[in-house]
Amino acid sequence: MDASERFPISLGEAIFSLRAIRRVRPDPIPEADLRDILTAAIQAPNGGNAQPWHFLVVRDSGTRARLGELYREAWWAKRADQGIHGPEDIDRSNRTMVSAMRLADEFGEAPVVVLVCATEQGANAMGSVIPSAQNLLLAARALGIGGTITTLHAVVDERAKELLGIPGEAQIVYAVPLGYPKGAFGPVTRKPLAEVASVDRWGDSIG
């Protein structure tokens, strides 16, 4: 069956139930599903159809564990940039931050991590790669697989590349852990459209 025929839910359902899934079960993801998710990712629009992307699928448990250690270090390095130096500085009422902190500890336990990479440095290549991540997450959602977009940090970039054999000229744009959710998909909470969209002139509400 062609990949385009294997997604069992509508695009509308996928879009409106897609949410960041940070807690996943250890169950393996079938090879065919991974291939279809990646095939969907490479259908994304990109500048000049240059397709400056490479998707590195990390499944080996030992490699995932080592990548998880680097991710945790990167997460706390980003928090340090914000003046947050440990769990005691995290506002426990901020559920998103608490969930993200837990992911920092559990990152390497996801059955699959996909590194969405640009094959060259620079904002143009990165901008052409970013849309593919949305395709990837929507396709995963259609197959009952959750994930979330995360980034690394300069402090671990070279070590992550060395661990995974990523060429120096490439850039890691996103690290996406994938797995079957421990919780549920959507709905999501978003600001009203009137607060974030204008017509003809900034501030002229779309209503």
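Scroll up to find the structure this text is about.
Another aspect to go through is the pairing of strand β4 (residues 171-179). Within β4, nine of the nine residues are buried, which leaves the element mostly enclosed by the surrounding structure. Direction of pairing for strand β3 (residues 146-147) relative to β4: antiparallel, over a ladder of two bridges. Bridging from a neighbouring strand, G146 pairs with G179 of β4.

Before going further, it helps to spend a moment on the packing of aromatic side chains. The description of an aromatic ring pair rests on the distance of the ring centres and on the angle between the ring planes. A full pass over the atoms with the stated rule returns three aromatic pairs. With centroids separated by 6.1 Å and ring planes inclined at 45 degrees, the aromatic side chains of W53 and F55 adopt a geometry described as tilted. For the residue pair W53 and F55, the accessibility class agrees, reading buried in each case. When the ring of Y71 is compared with that of F107, the centres are 4.0 Å apart and the planes differ by 15 degrees; the resulting orientation is stacked. Taken as a pair, Y71 in helix α3 (residues 61-81) and F107 in the loop between α4 (95-106) and β2 (112-118) lie far apart in primary sequence, 36 residues in all. Taking NZ or CZ as reference, R79 lies 4.4 Å from the ring centre of W75, over its face. Lying across the ring of F185, R141 places its NZ or CZ 4.0 Å from the centre.

Let us now look at α4. If you check α4, its first and last C-alpha atoms are 16 Å apart, about what 12 residues at 1.5 Å a residue would give, namely 16 Å. Contacts from the buried residues of α4 go to α3 and β4.

Here we come to the packing of helix α2 (residues 31-41) against helix α5 (residues 123-142). Contact geometry of α2 with α5 gives a least axis separation of 7 Å together with a crossing angle of 145 degrees. At the point where α2 passes α5, the crossing takes the right-handed sense. Where α2 abuts α5, its residues I37, L38, A40 and A41 lie against S132, N135, L136, A139 and A140. Residues belonging to the contact of α2 with α5 are distributed by class as follows: seven nonpolar, two polar and no charged.

Among the secondary structure elements, N46 is positioned in the loop between α2 and β1 (53-58). In terms of polar contacts, N46 uses its side chain to reach the backbone carbonyl oxygen of A44, at 3.1 Å. Discounting chain neighbours no more than four positions away, the residues touching N46 are Q51, P52, W53 and S128.

To continue, consider α5. Every α-helix winds through 3.6 residues per turn, so residues three or four apart in the chain are directed the same way. With 20 residues, α5 extends 30 Å between its outermost C-alpha atoms, agreeing within 8% with the 28 Å of an ideal straight helix rising 1.5 Å per residue. All of the buried residues in α5 are A125, S128, V129, S132, A133, L136, L137, L138, A139, A140, R141 and A142. Those residues of α5 that are buried lie in contact with α1 (11-17), α2, β1, β2, β3 and β4. One or two positions beyond α5, positive phi appears at G144, with a value near 80 degrees.

Cut-off values and rules
- Residues numbered from 1 in each chain as written.
- Predicted model: local features only at pLDDT ≥ 70, side-chain atom pairs only at ≥ 80, totals over all residues.
- Heavy atoms only, no water.
- Buried < 20%, exposed > 50% of the residue type's maximum accessible area, 1.4 Å probe, protein only.
- Helix = DSSP H or I, 4+ residues; strand = E, 2+ residues; numbered from the N terminus.
- Pairing = 2+ DSSP bridges.
- Phe/Tyr/Trp six-rings, centres within 6.5 Å; stacked < 30°, edge-to-face > 60°.
- Lys NZ or Arg CZ within 6 Å of the ring centre and 35° of its normal.
- Expected span 1.5 Å × (residues − 1).
- Contact = heavy atoms within 4.5 Å.
- Axes fitted to C-alpha atoms, helices over the stretch in contact; angles between N-to-C directions.
- Left-handed = near helix turned anticlockwise from the far one by under 90°.
- Nonpolar A, V, L, I, M, F, W, Y, C, P; charged D, E, K, R; others polar.
- Polar contact = N/O pair within 3.5 Å; in protein donor to acceptor, adjacent residues only side chain to side chain.

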